[in-house]
Each structure stands twice: as C-alpha cells, then as structure tokens.
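Notes for the structure review
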Amino acid sequence: AKTETRGSFSYFESGMDARAQSRRKIETELRAAIQRDVLQPHYQPLIDLSSGRITGFEALVRWPHPERGMIPPSEFIPIAEETGLISGLGRSMLRQACSDAAKWPDEVCVAVNMSPLQFRVGNVLSLVMDALKQSGLPARRLELEITETLVLEKSGQVLATLHALRALGVRISMDDFGTGYSSLSYLRSFPFDKIKVDQSFIRDLAANREAQAIVRSIVSLGKGLGVTITAEGVETEAELRCLRAEGCHEAQGYLFSRPRPNVEIVGLLQAQRDA
Ligand code: C2E
Ligand code: CA
Ligand code: CA
Ligand code: CA
C-alpha cells in the first residue's frame, strides 16, 4: 500500500509541476505580449431592447498567439491578476478602447472591464483621465465594468474613486450581478448606472420559472434604483422574448453578435444606419 501511495503522490507532484511550468510560460509570454502591445480588444454590441439599436460595445481582451491562435481571457486573466500584469493589460485595453470608440458615431458608447486589482493600485482616475484626453472620447461615452469583489472591500478610497469617475461623466456598471456573495446593502452606498445580469440567469430563461422570477426581481430592483438592467449571454429568441416581457432594458449575447475586431465595427454600425 505504501508504494502505491508514494507512486500516486509523485504522479500528483509531476502534474503540479507541469501546470506550474505552463503558468510560468504563459506569464513570460503575456508580459512580452503586453510590452509589444499585441493584446487587442474585440467588441460585442449592447442592444437597447426598446429600439432594437446598438447603444454601445463591450471591449473584451483578445490575445492572438503565434502558435496557439486566439487564447481566451479565462486562460490568462487569472494569471495576469496573480502576477500584477493586469495593470499593464488594463491600461492598454482602456487606451485602445477609448481611441477606437472616439472614431465611432457620437452616440455609441464603449464599456471596459476593470479588475479590482487596478483599483487597489490606486491610479484608476488618472488612467481614465489620460485615456479620455489622449483619445478625445467624451467621458459620457465611457462605461467601466466592475465586480462585486470590488465593492466587498468596502474601501473608502474605491468609493471616492467611483464618485470622482461619475463626476467626470463616466458611467459605472456592476458586472456578473448575482454571482457574488455580497449582500445587497452595497447598492445603497455605491454609485451605479447599470447592472449586468450574469448569463447563468439567462440560460434556460424560457423554460425555467426560477430564473424568470430572479430576472423579474432584478429588473424591478433596477427600476426602483433608477439603473439600467442589461442581460448578458443572450443566445436565443426565446430568451429575448422573456427578457422583453420582463421589461429588461438592454441585452448582449451571441444572438446579436459575437465579439468582433474593431475593423468590423464601423461596418456593423453602417448596416444599422442603412437598415
Ligand atoms: P465578462 O466581462 O462577463 O464578459 C462576457 C463574456 O461572455 C465574454 O467572454 C463574452 O465573449 C462571453 N459571451 C458573450 N455573449 C455570450 C453568449 O451569448 N454566450 C456565451 N456562452 N458567452 C457569451 P470572454 O471574452 O471570453 O471574456 C471572459 C471574461 O474575461 C470576461 O467576462 C471578463 O471577466 C474577463 N475579461 C475580458 N476582457 C477583459 C479585460 O480587458 N480586462 C479585464 N480585467 N477582464 C477582462
Ligand atoms: Ca464584463
Ligand atoms: Ca459579465
Ligand atoms: Ca465574468
């Protein structure tokens, strides 16, 4: 029995080793990719459900890798957060998103994901002001997506930064709403303009009465708070019909479009204008 245990232990160890090695490889390559400005945003449209028109786009980071093709963010965002590389990555995304959006029609907004770590570093306000100034994008066309992890920290500095951003005219969205473990009390003290309902609640919406009840409550919460409710990950017409029935304001998902490179965005908006 003893040899067996030792055998499986060393197997486990070498498995850990391979994983640690692959993480280190990704870290090294990611650092270089950020330095050479290889990472780029793709953009996924946000659709206003009353008019059916595109109100803006969410910027989602893409890493074109010479050997591995497009590496999905789920494979490198956690590593970027653990190693601090998320600061450089986040700054680069913010800059690119603002300069791309500055060339879109004037009513079209851009939403950028912000890691809690970027707020902890403490220079978010100056980063945003620089990106707006350099690109010429008006603050009212920029939205920042944050998560409950950030509000859970209950930091006075974070709260002050969010208020300062809103004073500039930048809007704040609560991303992945409903997946965190925080109580709803933060909604009273933290300033938001939008709540994005996590796609796990949208899945099976048409067939699932519990999911419908949850979405209905969030929409009514949003109306009470005066914030926009956006449904994420909308894939089917049936889901869309339910969301309309519940009075949800905005939707995003593969039903409308996958995230696309900036070169395709102008064409997408042109097609909407011609329609
Ligand atoms: P997220 O912010 O919740 O972004 C939405 C994710 O859902 C995106 O995955 C998007 O491609 C995907 N999605 C959109 N519509 C659908 C749909 O209809 N069905 C399904 N199944 N998925 C859909 P993506 O691009 O792989 O990004 C994953 C996560 O990585 C993001 O989740 C976000 O948390 C993070 N991320 C992406 N870009 C950035 C960034 O620039 N900075 C930071 N800090 N995080 C980022
Ligand atoms: Ca997001
Ligand atoms: Ca989300
Ligand atoms: Ca997410």
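Residues numbered from 1 in each chain as written. Chains lettered and ligands numbered in written order. Predicted model: local features only at pLDDT ≥ 70, side-chain atom pairs only at ≥ 80, totals over all residues. Heavy atoms only, no water.

The protein goes by EAL domain-containing protein in an unreviewed UniProt entry, where it is assigned to Bradyrhizobium aeschynomenes.

Here's the deal with the site of ligand 1
The local shell around ligand 1 holds 22 residues, among which Gln-44, Val-61, Arg-62, Glu-235 and Tyr-254 are the closest. Glu-58 places a side-chain nitrogen or oxygen 3.3 Å from an oxygen atom of ligand 1. Note that an oxygen atom of ligand 1 is positioned 3.2 Å from one of the side-chain N or O atoms of Asn-113. Protein contact buries 80% of the 800 Å² of open area that ligand 1 shows by itself. In terms of residue count, strand β2 (residues 54–65) provides more of the shell around ligand 1 than any other element does, 4 residues in total. For the shell around ligand 1, the per-class residue count stands at 9 nonpolar, 6 polar and 7 charged. (Near = heavy atom within 4 Å. Polar contact = N/O pair within 3.5 Å; in protein donor to acceptor, adjacent residues only side chain to side chain. Areas by Shrake-Rupley, 256 points an atom, 1.4 Å probe, with all protein chains shown as cover. Helix = DSSP H or I, 4+ residues; strand = E, 2+ residues; numbered from the N terminus. Nonpolar A, V, L, I, M, F, W, Y, C, P; charged D, E, K, R; others polar.)

Some details on the coordination of the calcium ion (ligand 4)
Each protein donor to the calcium ion (ligand 4) is listed here as Asp-176 (OD) and Asp-176 (OD); together their distances run 2.7 to 3.1 Å. Metal-to-metal, the separation of the calcium ion (ligand 4) and the calcium ion (ligand 2) is 5.8 Å. Mapped onto the fold, Asp-176 is located in strand β6 (residues 171–177). (Donors = N, O, S within 2.8 Å, 3.2 Å for Na, K, Ca; no water.)

Examining unusual backbone geometry
For Asp-37, which is not a glycine, the phi torsion comes out positive at approximately 60 degrees. Considering the arrangement of structural elements, one finds Asp-37 in the loop between α1 (2–35) and β1 (40–48). Classification of Asp-37 by relative accessible area gives partly exposed; the value is 48%. Although it is not a glycine, Asp-204 adopts a positive phi angle of roughly 65 degrees. Tracing the sequence through the fold places Asp-204 in the loop between α9 (199–202) and α10 (209–225). (Buried < 20%, exposed > 50% of the residue type's maximum accessible area, 1.4 Å probe, protein only.)

Some details on the nonpolar core
Leu-142, Leu-144 and Ile-146 are the most contacted members of the largest nonpolar core, which has 60 residues in total. The biggest single contributor to this core is helix α5 (residues 124–135), with 5 residues. The residues touching Ile-146, leaving out its near neighbours within four places in the chain, are Met-114, Phe-119, Val-151, Leu-162, Ile-172, Ser-173, Met-174, Asp-175 and Phe-192. Formed by 15 residues, the second largest nonpolar core is a distinct cluster that contains Ile-26, Val-61, Ile-79 and Ala-80. (Core = buried A, V, L, I, M, F, W, Y, C linked by side-chain atoms within 4.5 Å. Contact = heavy atoms within 4.5 Å.)

Here we look at the coordination of the calcium ion (ligand 3)
In this structure, Asp-175 (OD), Asp-176 (OD), Glu-232 (OE) and Glu-232 (OE) serve as the protein donors to the calcium ion (ligand 3), at separations of 2.2 to 2.5 Å. Taken in chain order, the donor set of the calcium ion (ligand 3) reads D-D-x55-E. Owing to a relative accessible area of 27%, Asp-176 belongs among the partly exposed residues under this scheme.

Focus on the packing of α10 against helix α11 (residues 237–246)
Packing of α10 against α11 brings their axes to within 10 Å, and their N-to-C directions diverge by 40 degrees. If you check the angle between α10 and α11, you find them oblique. Considering only the axes of α10 and α11, their crossing is right-handed. Counted together, Gln-212, Val-215, Arg-216, Val-219 and Lys-223 of α10 and Cys-242, Leu-243 and Glu-246 of α11 form the full contact between these two elements. (Axes fitted to C-alpha atoms, helices over the stretch in contact; angles between N-to-C directions. Parallel < 35°, antiparallel > 145°, perpendicular 65-115°, else oblique. Left-handed = near helix turned anticlockwise from the far one by under 90°.)

Structural notes on the environment of Thr-83
Looking at the secondary structure, you find Thr-83 in helix α2 (residues 73–83). The spatial distance from the C-alpha of Thr-83 to the C-alpha of Ala-111 is 24 Å, given a sequence separation of 28 residues. At 2.7 Å, the side chain of Thr-83 and the backbone oxygen of Ile-79 are in polar contact.

Details of the pairing of strand β7 (residues 194–197)
What you see with β7 is no split at all: Lys-194 and Lys-196 on one side and Ile-195 and Val-197 on the other are buried throughout. In terms of strand pairing, β6 meets β7 through 3 bridges, oriented parallel. Of the residues in β7, the one forming a bridge with Phe-177 is Val-197. (Pairing = 2+ DSSP bridges.)

Details of the side chain of His-65
Of note, His-65 is situated in strand β2. Judged by relative accessible area, which is 7%, His-65 ranks as buried. Ignoring anything within four residues of it in the chain, the contact list for His-65 reads Glu-29 and Ile-71.

Some words on the pattern of salt bridges
In this structure the tally under the stated criterion is 18 salt bridges. In this structure, Asp-106 engages Arg-141 in a salt bridge whose closest nitrogen and oxygen atoms are separated by 3.3 Å. Of this pair, Asp-106 sits in the loop between α3 (86–101) and β4 (109–113) while Arg-141 sits in the loop between α5 and β5 (142–146), and the two are 35 residues apart along the sequence. Given the relative accessible area of 3%, Arg-141 is considered buried. Here Glu-143 and Lys-194 are joined by a salt bridge, their closest N and O atoms 3.0 Å apart. Here Lys-194 lies in strand β7 and Glu-143 lies in strand β5, a separation of 51 residues in the sequence. On the basis of relative accessibility, which here comes to 4%, the residue Glu-143 falls in the buried class. Among the charged side chains, a salt-bridge network with shared partners connects Glu-58, Glu-145, Lys-196 and Glu-232. (Salt bridge = Lys/Arg side-chain N within 4 Å of Asp/Glu carboxyl O.)

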